[in-house]
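Geometric and topological summary
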Amino acid sequence: MTAPAEFGAHEASARAEFVAGVKAELPLLLGVVPFGLIFGVLGLAAGLPAWAVIAMSSVVFGGSSQVVFAQLWGAQVPPAVITATVGVVNLRHALYSASVAQYLRDLPLRWRVLLAYLLTDEAYAAAIPRFAQGPATPARHWFLFGTGFTLWASWQVSTVVGVLMGAAIPAAWSLDFSIALTFIALLLPGIRRRSELVAALVAGAVALAAQGLPHKLWIIAAAVAGIAAGAASRRLDKAVHHEQ
Amino acid sequence: MNSELGLNLTLLACGLLTFLTRFSFIAGGRRLALGPRLQALLRYVPPAVLAALIAPEVFMRDAALDLSPGNPRLIAAAVAAVVALRTRSVTLTIGVGLVTLWVAQGLLGGAL
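Residues numbered from 1 in each chain as written. Chains lettered and ligands numbered in written order. Predicted model: local features only at pLDDT ≥ 70, side-chain atom pairs only at ≥ 80, totals over all residues.

**Regarding the interface of chain B and chain A**
On the side of chain A, 73 residues touch chain B, which itself brings 61 residues to the contact. Put simply, the parts of the chain that give the side of chain B that touches chain A at least two residues each are α1 (4–27), α2 (36–42), α3 (45–59), α4 (72–87) and α5 (90–107) of chain B. Partitioning the side of chain B that touches chain A into residue classes produces 44 nonpolar, 12 polar and five charged. (Contact = placed C-beta atoms within 7 Å. Helix = DSSP H or I, 4+ residues; strand = E, 2+ residues; numbered from the N terminus. Nonpolar A, V, L, I, M, F, W, Y, C, P; charged D, E, K, R; others polar.)

**Describing the environment of Gln156 of chain A**
All names here are of chain A. Within the fold, Gln156 resides in helix α9 (residues 141–165). Placed 124 residues apart in sequence, Gln156 and Val32 show a C-alpha to C-alpha distance of 11 Å. Not counting the four nearest positions on each side in its chain, Gln156 is found in contact with Ser57 and Ser58.

**Section: helix α11 (residues 194–209) of chain A**
When the terminal C-alpha atoms of α11 of chain A are compared, their 22 Å separation across 16 residues agrees well with the 22 Å that a helix rising 1.5 Å per residue should span. On its buried face, α11 of chain A is in contact with α10 (177–190) and α12 (218–232) of chain A together with α3 of chain B. (Expected span 1.5 Å × (residues − 1).)

**Quick notes on the domain arrangement of chain A**
Residues and elements named next belong to chain A. You can read the domains of chain A as domain 1 (2–174) and domain 2 (191–244). Here the C-alpha centre of domain 2 lies 26 Å away from the C-alpha centre of domain 1. With nine residues of domain 1 in contact, the opposing surface of domain 2 contributes six residues. Breaking the side of domain 1 that touches domain 2 down by element, the ones donating at least two residues are α4 (63–74) and α5 (79–89). The element contributing the most residues to the side of domain 1 that touches domain 2 is α5, with four residues. (Domains from an automatic or database assignment.)

**As for α3 of chain B**
Across its 15 residues, α3 of chain B extends 21 Å between first and last C-alpha, which sits within 8% of the 21 Å expected from 1.5 Å per residue. The element α3 of chain B is extensively covered by neighbouring structure, given that 13 of its 15 residues are classed as buried. (Buried ≥ 20, exposed ≤ 12 C-beta atoms within 10 Å, placed from the backbone.)

**Points about the packing of α11 of chain A against α3 of chain B**
Where α11 of chain A contacts α3 of chain B, the two axes come as close as 7 Å, and the packing angle between them is 45°. Taken as axis vectors, α11 of chain A and α3 of chain B run oblique relative to one another. Classified by chirality, the crossing of α3 of chain B by α11 of chain A is right-handed. Across from Glu196, Ala199, Ala200, Ala203, Gly204, Ala207 and Leu208 of chain A in α11 of chain A, the residues of α3 of chain B making contact are Pro47, Ala48, Ala51, Ala52, Ile54, Ala55, Pro56 and Phe59 of chain B. Of the residues assigned to the contact of α11 of chain A with α3 of chain B, the class counts are 13 nonpolar, one polar and one charged. (Axes fitted to C-alpha atoms, helices over the stretch in contact; angles between N-to-C directions. Parallel < 35°, antiparallel > 145°, perpendicular 65-115°, else oblique. Left-handed = near helix turned anticlockwise from the far one by under 90°.)

**Let's talk about unusual backbone geometry**
Residue and element names in this part refer to chain A. Backbone geometry at Phe61 places phi at a positive 55°, although glycine is not the residue there. If you trace the backbone, Phe61 turns up in the loop between α3 (50–59) and α4. Under the C-beta neighbour-count criterion, Phe61 is labelled buried, with 23 such atoms within 10 Å. Unusually for a residue other than glycine, His215 sits at a positive phi of about 55°. Along the polypeptide, His215 turns up in the loop between α11 and α12.

Right under this line is the structure:
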């Protein structure tokens with residue numbers, strides 16, 4: 001009779017982990033929901049059909065890359081360049097993948113596929129303290145599922161609402177600027193080393209200087225230049241903390 | 001190629017590529033580990049990509065560089081930067097940044 005009891009205990013702790021994950025994600029939704037709304041509006045404004053805007057939120061499921069996709073599509077950029085640019089914009093998720101892999105390695109494949117799909121900036125940020133500091137219990141992956149699922153559901157709903165509101169938001173409100181503001185909020189507190197500051201400054205400068213490149217290749221050019229500059233300036237990182 | 005079929009294929013390609021990026025190290029189970037060189041390179045991806053996406057939104061106006069203090073988006077970004085560094089709050093950064101932009105646009109003649 002011990003087996004059912006253990007099974008019940010596992011289910012209870014899975015539910016507790018899931019709920020804790022949902023709760024950990026809720027504060028982050030304050031930034032995510034407006035972003036999703038704006039993506040819905042911007043996607044239509046860029047000339048994408050409504051179904052594509054909505055489908056993108058589940059197929060790609062990466063806010064900044066979706067905005068870039070919409071902008072490039074609207075500018076008639078060839079699909080190969082759009083795909084490459086989206087790949088570069090989402091490359092940072094490989095960092096999250098490497099970071100959580102150690103906590104997920106004993107899970108069955110279907111769990112690893114599901115959690116990889118849900119692995120976004122906000123889901124990762126909310127779940128990593130649980131993995132890094134919490135107890136190594138067998139049900140702890142449910143916490144990441146809780147943060148990821150909460151984010152996923154809010155992203156889908158806010159995209160649809162954005163599409164429905166569409167043209168109801170006047171351009172004079174400049175809501176599109178909230179996307180740049182989101183990036184500012186993600187970028188600046190994350191810069192902790194001089195070399196990271198160099199990467200950001202070089203990428204920003206190249207992005208401005210390379211605007212004339214065809215197919216909006218300035219995004220890839222700026223990212224590659226910034227990464228190279230950051231790596232090349234690693235020796236600046238001696239006595240450092242909290243550069244701005 | 002920018003047709004409905006092209007759009008479908010591009011969406012699928014982007015979705016697959018993004019998934020594979022997220023799955024990369026999780027897929028390997030115990031086998032794949034992040035080499036120190038690759039790890040060092042990947043560290044610079046977020047600052048480089050984010051700065052690349054921010055710069056034209058802030059410093060360009062009507063497809064031309066505008067570094068003057070009369071550029072409302074530059075003013076709003078500067079204020080937002082201070083808020084981001086002080087509070088680390090995405091919500092506050094967006095809120096204060098947008099309000100600053102509206103005020104600056106109003107004061108500077110309502111440029112869109």
